[in-house]
Amino acid sequence: MTIPMQPRRAETLSTATDPRWARVQARDPAADALFVYAVRTTGVYCRASSPTRLPRPENVEFFDTAAAAEAAGYRPSKRAAAGSTALAAHHAGMVADACRQIEQAEELPHLAELATTAGVSLFHFHRVFKSVTGVTPKAYAAAHRANKVRSRLDAGDSVTAAIYDAGFNSNSRFYAAADQLLGMTPTVYRAGGADAEIRFAVGQCSLGAILVAQSERGVCAISLGDDPDRLVRDLQDRFPRADLVGGDEGFEQLIAKVVGFIEAPALGLELPLDVRGTAFQQRVWQALRDIPIGRTESYSDIAARIGAPKAVRAVAQACAANVLAVAIPCHRVVRSDGALSGYRWGVERKRILLDREGSN
């Protein structure tokens, strides 16, 4: 009769001596952002400062976040639900202020400086920022600077002026990252891709017309559509001053490889890719490439996988921004209810691709 009680007693001691339990007993509001506690007998979780009657320690389970508690099957108490809404609004405001601070600073602020301005610890600030935006403060700052360089170069500024205006305090630091930020040297980017050679070929497959383009770094476009001329015009719009060269016989073998994958996905597709996007987009696109053939995942699945569970809409936008059909398989992402959502190259093509992969 005493055997079932033994683990219960050990569990009681563990919870009762946990420093988080002391903060729950004190109803410490400062702990609300650090953890939640769940009650096994009621199936709900609460914030540390909740004024509700305290449960027995042996019935308590701690989680770092509300999302973790919900993943374990708990539901928020009425006060926790209201508190979560208020806390989310507070976090969004804090991160928005930090983003403005990053964008307005001449040089990238240190993480400690951002956390001090927000009035929270460095660790807590970093975690909240990544949860809200999907990227770290450093990655956000890098993406902002890259966009600023692009806009200044597009406006006709000199490379040097664009570099320093974007907050790079030396040419060497910028040029070390230029290829990743712009996909080419800044001089070539400023010239609209002039002197950059991009080979391409247009063919036909069961999904209609297909265009494959390749820069010196790798395949930079795979497009599907009904009008081959439209596909070529879209490529010209992306690289207005690049030297577009029709592919030779060797290059046409590449397009044949892509077509072969579309017709028989089991063949697999391994290509050198020229992937250009923000830090967040690249994280999403890598997660898409990790989805195996024959499986689908939801936008919320992808958001959780990249450590940004609240960034579901941003994940959907990154999928829509993908220009490498099938190579970055955004067609394997569906809504949470399993329904097909939008697809850059048409929902019907998405349906056919999934059917061929055995995903439907």
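Computed from a predicted model, the values in this text were never measured in an experiment.

Regarding the environment of Ser49
Reasoning step 1: Note that Ser49 resides in the loop between β2 (44-47) and β3 (60-63).
Reasoning step 2: Taking C-alpha positions, Ser49 is 3.9 Å from Arg27, a pair spaced 22 residues apart along the chain.
Reasoning step 3: There is a polar contact of 2.6 Å between the side chain of Ser49 and the side chain of Asp32.

Here we look at unusual backbone geometry
Reasoning step 1: Phi is positive for Arg27, close to 50°, though the residue is something other than glycine.
Reasoning step 2: With respect to the helices, strands and loops of the structure, Arg27 is situated in the loop between α2 (19-25) and β1 (36-39).
Reasoning step 3: Even without glycine at this site, Val326 takes up a positive phi of about 65°.
Reasoning step 4: By secondary structure assignment, the location of Val326 is in the loop between α15 (312-320) and β10 (333-334).
Reasoning step 5: When its relative accessible area of 4% is taken as the criterion, Val326 is described as buried.

So, the packing of helix α5 (residues 111-118) against helix α6 (residues 122-133)
Reasoning step 1: Their axes nearest at 9 Å, the elements α5 and α6 cross at an angle of 90°. The angle between the axes of α5 and α6 places the two elements in the roughly perpendicular class. Contact residues: Leu111, Ala112, Leu114, Ala115 and Ala118 in α5; Leu122, Phe125 and His126 in α6.
Reasoning step 2: Of the residues in the contact of α5 with α6, the class split is seven nonpolar, one polar and no charged.

What to know about helix α12 (residues 249-263)
Spacing of three or four residues puts side chains on the same side of an α-helix, whose turn is 3.6 residues.
Reasoning step 1: The end-to-end C-alpha distance of α12 is 21 Å, a good match for the 21 Å that 15 residues give at a rise of 1.5 Å each.
Reasoning step 2: Of all the residues in α12, the buried ones are Phe251, Leu254, Ile255, Val258, Val259, Phe261 and Ile262. Down the axis of α12, the buried set is contained in an arc of 160°. They therefore lie on one face. Relative to its buried face, α12 has exposed residues pointing more than 90 degrees away, namely Glu249 and Gln253.

Brief notes about the sheet that holds β1
Neighbouring strands of a sheet are bound in pairs by backbone hydrogen bonds; such pairs are parallel or else antiparallel.
Reasoning step 1: Spatially, four strands are ordered β3-β1-β2-β4 in an open sheet, and the strand pairing comes out mixed. Both edges of this open sheet fall to β3 and β4 (75-76), since each of them pairs with a single strand only.
Reasoning step 2: Here β1 pairs with β2 via four bridges, running antiparallel. Bridged to Val36 within β2 is Arg47.

Here we look at the sheet that holds strand β8 (residues 243-246)
Reasoning step 1: Strand order across the open sheet formed by four strands is β7-β6-β5-β8, with mixed pairing between neighbours. In this open sheet, the two edge strands, each paired with only one partner strand, are β7 (219-225) and β8. Taken pair by pair, the neighbouring strands of this sheet meet at an average axis angle of 25°, ignoring direction.
Reasoning step 2: Bridge count for strand β5 (residues 197-205) against β8 is four bridges, and the pairing is parallel. Note on β8: the bridge partner recorded for Phe200 is Gly246.

The rules we used
Residues numbered from 1 in each chain as written. Predicted model: local features only at pLDDT ≥ 70, side-chain atom pairs only at ≥ 80, totals over all residues. Heavy atoms only, no water. Helix = DSSP H or I, 4+ residues; strand = E, 2+ residues; numbered from the N terminus. Polar contact = N/O pair within 3.5 Å; in protein donor to acceptor, adjacent residues only side chain to side chain. Buried < 20%, exposed > 50% of the residue type's maximum accessible area, 1.4 Å probe, protein only. Axes fitted to C-alpha atoms, helices over the stretch in contact; angles between N-to-C directions. Parallel < 35°, antiparallel > 145°, perpendicular 65-115°, else oblique. Contact = heavy atoms within 4.5 Å. Nonpolar A, V, L, I, M, F, W, Y, C, P; charged D, E, K, R; others polar. Expected span 1.5 Å × (residues − 1). Arc of directions from axis to C-beta. Pairing = 2+ DSSP bridges.

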